[in-house]
Amino acid sequence: MTEVNKPPHTGNAPPGVGGWTRLVTARPRLSLLAALVLTVLAVLAGSGVADRLGSGGWEDPAAESTYATKALEREFPDSQPNLLLLVDAGGSSVDAPPVAAAARDLADRLAGERGVTGVGSYWQTKSPALRAKDGQEALIAARITGDEKAMGETLDRIAPHYRGTHGPLEVRLGGMVAVRHEMQTIIQDDLARAELIALPITLVLLVMVFGSAIAALLPLGIGIVAILGTNAVLRGLTEFTDVSVFAMNLTTALGLGLAIDYALFIVRRFREELSTGAAPLTAVGTTLRTAGRTVLFSALTVAVSLAAMLLFPQYFLRSFAYAGIAVVLLAAAAALILLPAALVLLGHRVNSLDLRRLFRRGRGPRPAGEEEGTAWARTAGLVMRRAPVFAIGTTALLVVLGLPFMGVKFGTADDRQLPSNAESHVVQQHIREGFPGSPGGGLEVLAEGRATEAQYADYRRRVAALPEVARVDGPLVKGDSAYFTVLPRGEAVDDAAQDLVRDLRAIPTPFDTEVTGTAAVLVDSKHAIAERLPWAAAFIVIVTLLLVFLLTGSVLIPVQAVVLNALSLTAMFGAVVWVFQDGHLSGPLSFTSTGSIETTLPVLMFCVAFGLSMDYGVFLLSRIKEEYDRTGDHAGAVRHGLQRTGGLITAAAVILAVVMVAIGTSRVTNTKMLGLGIALAVLMDAMVVRSLLVPAIMRLTGRATWWAPAPLRRFHNRFGLTETTPTREHPEGARGTARSTPTLPQSTDARQHPEGARGTARPAPTPPQPTDDASWVHPKRSETAERNRR
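Here the structure is a predicted model, which means the values were calculated and not measured.

**Q** I keep staring at unusual backbone geometry and nothing clicks. Help me out?
**A** When glycine is set aside, most residues are seen to have a negative phi, and most peptide bonds are trans. For the bond from Gly 474 to Pro 475, the omega torsion is 10°, close enough to zero to count as cis. Secondary-structure assignment places Pro 475 in strand 8 (residues 469-478). Backbone geometry places Lys 126, a non-glycine residue, at a positive phi of 60°. With respect to the secondary-structure elements, Lys 126 resides in the loop between helix 5 (122-125) and strand 3 (137-144). For Lys 126, a relative accessible area of 44% corresponds to the partly exposed category. Of note, the phi angle at Leu 585 is positive, near 70°, even though the residue is not glycine. With respect to the helices and strands, the residue Leu 585 is situated in the loop between helix 19 (570-581) and helix 20 (586-589). The class of Leu 585 is partly exposed, set by a relative accessible area of 44%.

Here's what the structure looks like:
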């Protein structure tokens, strides 16, 4: 092992190496060994987590419909069938004696199963709602009791004994319990396939970005650690609360995506510092002060966006907050603790196995810190010369792409989320198309309080008189409670059914009534989201403004960041409506359009995509801020920031998009929508907003970009987390007067020959004097500073 590759010792650290660097690199082998042990423990702790996750969570637990559902389960357990057996008579009539006898035997056998109650059938009740219009199919309805896990176990146990041929009958299983159980199984299978797709493609892309196979493996390792750790966290949370199985998809996507982003940023900066001649430990110290601080800010902004989902009552949304916050913090922790230890051990060997040499035909390797982005430099120059054109053009494009969202219609998840050949989807589709009314999708009205038969009869007449009602059954009375079943004329969750819920709740009665059912759950869910959405948006905006101000010290930049991030999401929302609601591309993408978007999906996609947009925004702004602090040249800083990070952000976005597209290959529509929608959002953000709109806007705002009123400037001086990078000649500049004394401009030779590296550093030029204008973030704008920079 050469001297430059030796791990650090605990003695005197090189100049510029701070306390955090010493802490995480003091025992690098021990740190990596401890990480390996913790990862193995996480694998053991997180095993079987998918089997403990739920497939529901769209309802508001405090809503009227939720209360009514639980009360009916308690008082009238037979009132809400969740298992439907579609019985096909094979071309005969369901009233034929052999068919009827076989069907009654099947229903009697089902009624004797453990965990099954409330079995009823067309052959028992002769209800026309349970008989198909053509007379060749009919239904057996039942309820499987228990929580989601118990219902799934019961279904697995009984399904093989009822599915298939029984004499003259052909039986298929449907109902909500079958839909959710099949959805959970498909999501687990699709997630495993997505990981098999994403991991090798991601590795190839990382090799293309870094050239070095060693450097490419580091981000992938950080991502795997974050995913396995988050699975263990979710497994622990299932002991205390409900967690949605859909959260597993976000764990994989963000675990790989963000961990790769963070590691990509740190490894790239480390290699850049090595290329200037810095020793590995010094390079790690500089990397953590710059790229490490950026990663910390990025993780905080993404976590804030995801934490907003905790304000909503639906455990579907809260589950994504649990998974997202855990994976973001674990990815950042691994990137800031484990990665520096690995980089110190590797040293210059991080550039080993450079596969791009095969294509250079004898050319030597290009240093990572070399002026790389000639194309990005030209792009930055063009955008800033034509700033008004690019600002107006890109804004108009994004607004036009988002226009379809103006026609969004909200609905609820049902069997149509599943592939068209899924058994429960086929059953529910047969019921929708071939049965009168909406069996299995009706509304239940719970009546509580003492009432007379005449009062119940009067209420039933008023309900039957409503124009949206096809039929009213009941009441079934038990003590001081009763319930009615109301079948709507149209679809179970269309606008008419939702209006019917409101009409039922508006009927005055001498007893208390609560309405539940699919349409009622949707109405309550939409109300809960609309009620909390302003609070969630305000939380994201306020905390984001504060974090970006602490990073930059500017008043205008945080506002720009929030507005431009929101604008970058318009294409995603427009595409979601145009593709998934309106059904365009449903054939190539293999999904069934329901004509609506599940209510919680836009909230989820906004929080995730906004956080990822801030991730890229922080990467770009931090590099611009670093250069502006060094030179005081606003236009040059914007150009330098885009040149240094444009390729990096684009590469990170492409890699994350690959992961999200792999998730988007799921056969479940909601997961497909989530993966493809966020993939589009991150690509638009990286390639349009960060590359074109941000530099154009910053060029138009000019030096005013960095303005802050004197009180806020003093606040930032005291509490801001900006850390001026010390010069290599005078590392003590990082302490004490770092905020009041500008960083010394560095000559090219001084950067290439730092203290402790090869050669001798040039004497540092005389530092420019700070300005007295306390309302500007950085005072280095004097003629001397400009001459020194040049």
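**Q** Looking at this structure, I do not really get the pattern of salt bridges. What am I missing?
**A** Oppositely charged side chains are able to pair whenever their charged atoms sit close together. As enumerated under the stated definition, the model contains 26 salt bridges in all. Arg 74 is the partner of Glu 75 in a salt bridge, and the nearest nitrogen-oxygen pair spans 3.5 Å. Here Glu 75 falls in the partly exposed class, since its relative accessible area comes to 26%. Accessibility expressed as a relative area gives 52% for Arg 74, which makes it exposed. With a closest N to O distance of 3.5 Å, Arg 461 and Asp 458 form a salt bridge. Linking Arg 461 with Asp 458, this pair stays in helix 15 (residues 453-464), spanning 3 residues, or about one helical turn. Through salt bridges with shared partners, a single ionic network connects Arg 269, Glu 272, Glu 273, Arg 623 and Glu 626.

**Q** Sorry if this is basic, but what is going on with the nonpolar core here?
**A** Note on soluble globular proteins: their nonpolar side chains tend to be buried together. Core analysis: the largest hydrophobic core is formed by 158 residues, its most contacted members being Phe 246, Tyr 262, Val 328, Leu 343, Val 350 and Leu 604. Looking at this core element by element, the count peaks at 19 residues for helix 11 (residues 315-346). Not counting residues within four places of it along the chain, the set of residues in contact with Val 328 comprises Leu 258, Tyr 262, Ala 299, Val 302, Ala 303 and Leu 306. Within the second largest apolar cluster, 38 residues are counted, among which are Ala 89, Tyr 162, Val 177 and Ile 431.

Cut-offs used in this document
Residues numbered from 1 in each chain as written. Predicted model: local features only at pLDDT ≥ 70, side-chain atom pairs only at ≥ 80, totals over all residues. Heavy atoms only, no water. Helix = DSSP H or I, 4+ residues; strand = E, 2+ residues; numbered from the N terminus. Buried < 20%, exposed > 50% of the residue type's maximum accessible area, 1.4 Å probe, protein only. Salt bridge = Lys/Arg side-chain N within 4 Å of Asp/Glu carboxyl O. Core = buried A, V, L, I, M, F, W, Y, C linked by side-chain atoms within 4.5 Å. Contact = heavy atoms within 4.5 Å.

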